[in-house]
Structure formats: structure tokens, C-alpha cells
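# Coordinate inspection notes
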Amino acid sequence: MSQSNSRVGFGRVWAGALAVAALSVLAALNFYSHASKLAADQPDPYGASSAQERFAPAFAHLPKDAPLGYISDLPLDQKAGVTAFLAAQYALAPHAVAPVDPRVPTEWAVGNFALAGDYPASGARLGYMVVADVGKGVLIFRRSPK
Amino acid sequence: MIATIGTLLPAIVLGWLIVRLFGDEGNRTWLTWVFQISLGAGVGLGLTSCVYFAMLLAGVASRAALFAVELIAIAALAMLLRKQRTVADEVAPPQSSSWIWALRIAAGVGVVCISLSFSESTATNPNGEWDAFSIWNVRAKYLAGGSPAWRNAFGGNLAAGMTGAAHPGYPLLLSASIARVWTLTGAPFDSTTSDAAPAAISLLFALAAYGLLAGALASAVGEMFGWLALLVLIATEAFATQAASQYADLPLAFFILATIAVAAAAERAGWPPGLLALTGLVAGLAAFTKNEGLPFLLLTAIVILWRAPKSKRMIAVGWLLLGAVPGVIATLAVKMLAQGTEAVFPKSAAQALHQIVDPSRWMQILGSFTRHFGELGVWWAHPLLLIVVLAVVFGVVSKDDARSRVWLALPVAGLLAADFALYLVTTAELSWHLSTSNGRVILQVWPAMIFVAFLMLRRPPEPEEPELAGVLARKPPGPKAKRAKGSARE
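I will try to describe carefully the structure that is included in this document. (Residues numbered from 1 in each chain as written. Chains lettered and ligands numbered in written order. Predicted model: local features only at pLDDT ≥ 70, side-chain atom pairs only at ≥ 80, totals over all residues. Heavy atoms only, no water.)

## Details of the sheet that holds strand β4 (residues 128-135) of chain A
As a general point, the strands of a sheet are linked pairwise by backbone hydrogen bonds and lie either parallel or antiparallel. Residue and element names in this part refer to chain A. Note the following rule: One bridge is not enough; two strands pair if DSSP finds at least two bridges between them. Only runs of H or I of at least four residues qualify as helices and only runs of E of at least two qualify as strands under DSSP, and these elements are numbered from the N terminus. Structural elements are reduced to axes, namely lines fitted to C-alpha atoms, with helices fitted over the stretch in contact, and the angle between N-to-C directions of any two is expressed from 0 to 180 degrees.
The strand order across the open sheet formed by five strands is β2-β1-β3-β5-β4, and the pairing between neighbours is mixed. Of all strands in the sheet, those bounded by a partner on one side alone are β2 (97-99) and β4. The average undirected angle you get between the axes of adjacent strands in this sheet is 30°. For strand β3 (residues 108-112) and strand β5 (residues 138-143), the ladder comprises five bridges, and the chain directions are antiparallel. By the bridge assignment, Ala-109 is partnered in β5 with Phe-141.

Laid out in C-alpha cells, this is it:
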């Protein structure tokens, strides 16, 4: 009797273990399927990769380690503006990047524009002049001489 | 990618040597190797991160200096290990049913699926999710930028001071680990920086967490439970997602699991100094990973102080705190260098009290925790459901055994309580704070919770009939070598 009970116990344990294993594998396959679809549907969802490509040419125009002001037509009180700023901050690192502060303006600034517009005027309003336009809405600004 | 892997190998080797030196329990099966290598990978990444950070602050973090320091450390540890080494009895693993192969294969398939998911996600989104490029990886770029750029990682105007992105004083284990790889590979900053480092480190921590859970449980309660725990973690889709996110929550989950697993091993072995120091080391590295790590370290020290035998209490905690020194010093350095304060903390006690006594906040937070536990996986293979199934099938241990093991859950429970308290007093909008972090807070402790849950299950009955068992011939025991003098082990 005890041997038969032991076999039942052993069989039950392994049945349960194998059921868990099967469910886990199915869950993993399900996850893979969803992850693949999501990856295909939403490449670079925050634009961080494209920001790296867009801002790469800017480094050639900027002094090493210069802190940068940030000028954009996307305001920072909106999600698109925040996303664009953080992606630009990442792409421009190790330069420190912060929105232009008129009280303590940086010598150099970077423009990140998403919409068509008068980019030099955007910089001029903050006391900057265009030094270079590297394309795709990215401009390099420098403080205008007084 | 090859260069990146090349720079990760010294870190893994270094960590593995440390684990062998301080945490080798002797009898070794192939699952012990899995445990030691997995633990060593995380320890190595964490320690080399601390060393890199220290060298950066000292102004000597050049590629040549880093290589030299790490190679010298590896050589020194290898020599120490060789001196100290006992010839461990090579034992055949305990008898297992041949059905164990089904669990091994299932676990292998699961890990392959997760790795493939990671690969596809990273291929189309190499910079990770929001916090990756706005917090962790951007700081890594600052650190790798040399002097004076590295100070930007602590700047008060980082991320324009925005709540949720600024986080001055955030611990930097992950960022420094990435920066170390970039420094060693010479990743340039005037063109697109290599995206491989953050992704590779994230994947390594994920795989190490899987391996650590399986190996630690196999060492503690047998191979079958090791594989089953791994399968429960594989079924936790929310955890698998984190690998491609490149956040610091997954490394923190690794270090929290490591702390609990090594503490359990320390108790099994009678609280030897080596294992206690190793417990402290991984707990200290948790502190250098995210802010949650510091209260976790304190909780661990308190629990060890309570749990260790009376005659060994102060010594046990002493060894633990000694082991925690690298992580704690690095964390304190970050806190001292940071400019500004964490935006979500209340500015006054009155403000905090006003929020604590609001019952709607309690309900909202409880509801969020419940919902996020529910979202750990798909309903039909939910990890909690799988654990319940196993509890029904195996049964739970006796009350006495449960009481002797429940202490391992205390640091984890304490950390969750601390997280709850933070949500009560946060000055950020509560819905936003919960929706953006609650799920990850649970994932930080989830592997450790699985570990403790499996310790509460009754060990499976051994097979009796020869035809049901994979009988393994036991090798004759090898000669026992004398212990070397000055060993870290008693």
C-alpha cells in the first residue's frame, strides 16, 4: 500500500510539474509572438535612435564639453516637447543640455525643430545667431555679440 | 558587439573568482557552477562598476589603467583561490527522475524565447525605453565623457529638472557599468555611440537572474525546484520585458535575489564570514543600483542581526557591513556629488502627514499593487497561479520549517512596505507615480519572492522503482586537501 501511495504521489508531483512547465513554455512563446509584433509595429518609439543620427553632425561644430542651450518649437509643457528634449539630451551627451535661461545663457545652443518655421528668428529672440544648419531641423547657435 | 562582449568577460571572471573565494560551499555539481557563474556575472559587473566610478573620481579612468587594474585583480584573486583551494568532492547530483529532462528542455526553450524577444525588441529599439535614454544611458554617456563632462551626471539641471527624469543623486551602478564598457572600447562621441553596451549589460543581468534563481534553489532544495522556479520566472512576462527596457530595476532584482540566496546559503553553512561578506557585497551593490537598495541593505543587516546565533550576531553583521563597503561608499559619493534633491520627496513633515492620513491614497496604492501583481503574466499561465498549482501538488513544509525560513522574506516584505510608504508621501501626482513605477517596484522583489516561495514547498518524493529513476553512479570521493592558512572560511 505504501509503495502504491508513493507511486501515486510521485506521479502526481511530476504531472503537476510538467503541467507548469508546459504552461510556462506556452507563455514564453506567447510573449515572443507579442514582442516580435510590437517591435515591428513600433520601432524607435521615442525617437532616441533617430535623434542620435540627426544630432551626430552637430558635434563637429561644437567645442568639446561646451554646455548647450536648447531651443525648440516643441514646448516642454507638452509630451512631444519633453520627448524631443530628452532624446536630444541623450544624443548630444556628453554635452550638458538645458533650455536656454536668459538669466544665465550659455555661449552655444542647439536648435531642435520639428515644424517648418523661421529658425534663425527663434534663436534671435533668445539672443543667439545661427552658426550652422546641419539639416533635419538641427541648427547650431552661438550668442550674438552685443 | 564583439568588443563589448570582450570587455564584459573580465568582469564576469572577476566576479566568479570572488564568488568562488568567499562563497564556495564545497560539494559541486554542474548546477553549482550555474549558481556561481550567474552570481559572479552580477557581482563582477557591479564591482567593476564601483572600481570604474572610483577611478573616474580620482581622474585615472583611462582605458589602459582600467585594463591594468582589472587584470591585476583577476590575477591576484586567481592566486588567492589557488592557495586557498580545497579539492572539493565531485559528487554526482542526487538521484533524479528521467522526467527532469522535460523540465530542463522546457527551461531551455523558455530562455531561448526570451532571448529572441530581446533580440528583436533591441534591434528596432536599441536605446531602450523612456528611463533608459533619459536617465541611465545618458548618465553613462556623461561618465564616459571624461573630465569635466562626467560631472554633468550629477548636474542640478539634468533633464531640465523635470520630475520623473531629473533624479539627482540616483545611484549609478548601471550607468557606470555601461560607461566602463564605452571607455574600454573607446566608443567615440562625435558620431553615433555604440548601442551594444547598454543592451548587452541588460541581457546579461537578465540571464544571470534566471541562472541565479535556478542554481540557488537547486543548491538549497534540489534540481527539480531549481528548474520549476526558473519556469515560473520565465512565465513572468513583465520580467522578461524588462531586459529590452534597459532599466536598472532588473539589475536591482538580481542583487536582491542574490542577497536572499546567499544569506540562505550562509545560514545553511553556519554563518561563515565569507558568505556573510558576500551577502553584504551584493546588498551593497543593490544600494548602488537604485535608491531602494539602501533601505534593503539596512533591512538585511537588521534581519541578519536578529537571525544569527547570539554568540555570532555582532561578528555576522560586521562581516556583512564590511562586504557592503564598495557599494555603500560609491552610493555615498553619488549622494555627496548630486546637486539638487529628489523631486518626489515632501518638503515638510506636515505635508507628509497630511498625505499619510488620507485613506483614499491607501486604497489607491493597494489597488495599484493588486493590479500590478495581476499583470505579471497572462492569466492562464500567471506565475502566482503556477506557484499555487505547485503548492497544491507538492504541499507546503511543516510550520516549524516554515518559521525557520520565513526570515528570508522579511527584507523583501520590508522593502515593499518602504515602497508603499513612499507612495503615501510622494509629492508627484499619485496616479502618474503608480502607473510609471509600481509594476517595476514589484519586479525588483519578484525573483526573491519566488525563491522564498519555493523554500516553503515540500520537497518532492524520491523515486523508488529503478525503472523510474535516472540512477547515477556515485563517483568515489577524491582526496581532501588541507585548507590553506588565512582562508576566509572558518
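## Here we look at unusual backbone geometry
With an omega of 20°, the peptide bond running from A:Ala93 to A:Pro94 counts as cis. Among the secondary structure elements, A:Pro94 is positioned in the loop between α3 (79-92) and β2. Between B:Ser147 and B:Pro148 the backbone carries a cis peptide bond, its omega angle lying at 0°. Looking at where B:Pro148 falls in the secondary structure, it is placed in the loop between α5 (130-144) and α6 (173-185). For A:Asp65, which is not glycine, the phi dihedral falls at a positive 70°. For B:Gln246, which is not glycine, the phi torsion reads 65° and is therefore positive.

## Quick notes on the packing of aromatic side chains
Remark: the centre distance and the inter-plane angle together describe each pair of aromatic rings, the angle taken between the planes. Put simply, the test is: To pair, rings of Phe, Tyr and Trp, with the six-membered ring standing in for Trp, must have centres within 6.5 Å; the planes then decide the type, stacked if under 30 degrees apart, edge-to-face if over 60, and tilted in the middle. The buried label goes to any residue with under 20% of its type's maximum accessible area, the exposed label to any with over 50%, and the partly exposed label to all in between, with areas taken from a 1.4 Å probe on protein chains only. Any Lys NZ or Arg CZ that is within 6 Å of a ring centre and within 35 degrees of that ring's normal is treated as a charge sitting over the ring.
What the rule picks out here adds up to 25 aromatic pairs over all chains. On the basis of an interplanar angle of 80° and a centroid distance of 4.9 Å, the ring pair of A:Tyr70 and A:Phe85 is categorised as edge-to-face. Here A:Tyr70 is found in strand β1 (residues 68-72), whereas its partner A:Phe85 is found in helix α3, with 15 residues between them in sequence. A:Phe85 carries the same exposure label as A:Tyr70, and that label is buried. Both rings, one in B:Trp16 and one in B:Trp33, keep their centres 5.9 Å apart while their planes meet at 25°; by these two values the pair is stacked. Of the two residues, B:Trp16 sits in helix α1 (residues 2-23) while B:Trp33 sits in helix α2 (residues 30-58), which places them 17 residues apart along the sequence. Using a relative accessible area of 22% as the deciding quantity, one classes B:Trp16 as partly exposed. Among the residues examined, B:Trp33 registers a relative accessible area of 31% and is labelled partly exposed. Among the aromatic residues, those joined into a cluster by ring pairs are A:Tyr46, A:Tyr90, B:Trp130 and B:Phe133. B:Arg104 extends its terminal NZ or CZ atom over the ring of B:Trp101, reaching a point 4.5 Å from the ring centre. Just above the ring of A:Tyr90 sits the side chain of B:Lys141; from NZ or CZ to the centre is 4.2 Å.

## Side note on the interface of chain B and chain A
How we decide: Any two residues whose heavy atoms approach within 4.5 Å at even a single point are treated as in contact. Note on terms: buried area is the combined drop in 1.4 Å-probe accessible area of two parts once they are placed together, counting the loss on both. When a carboxyl oxygen of Asp or Glu is within 4 Å of a side-chain nitrogen of Lys or Arg, the pair counts as a salt bridge. A 3.5 Å cut-off defines polar contacts: any pair of N or O atoms within that distance qualifies, except that in protein one atom must be a possible hydrogen donor and the other a possible acceptor, and neighbouring residues in sequence count only when both atoms are side-chain atoms. Each residue gets one label: Ala, Val, Leu, Ile, Met, Phe, Trp, Tyr, Cys and Pro are nonpolar, Asp, Glu, Lys and Arg are charged, and the others, such as Gly, are polar.
Taken together, the contact pairs 68 residues of chain B with 53 residues of chain A. For the pairing of chain B and chain A, the buried interface totals around 5,200 Å² over both sides, and the portion due to carbon and sulfur atoms is 69%. Our enumeration of links across chain B and chain A arrives at zero salt bridges. Our count for the chain B to chain A interface comes out at 14 residue pairs in polar contact (both at pLDDT 80 or more). Going through the elements one at a time, α4 (100-124), α5, α8 (223-234), α9 (237-245) and α16 (383-394) of chain B are the ones with two or more residues in the side of chain B that touches chain A. Tallying contributions element by element places α4(B) first for the side of chain B that touches chain A, with 13 residues. Classifying every residue of the side of chain B that touches chain A gives 42 nonpolar, 17 polar and nine charged.

All quantities given are derived from atomic positions and should not be read as evidence of function.
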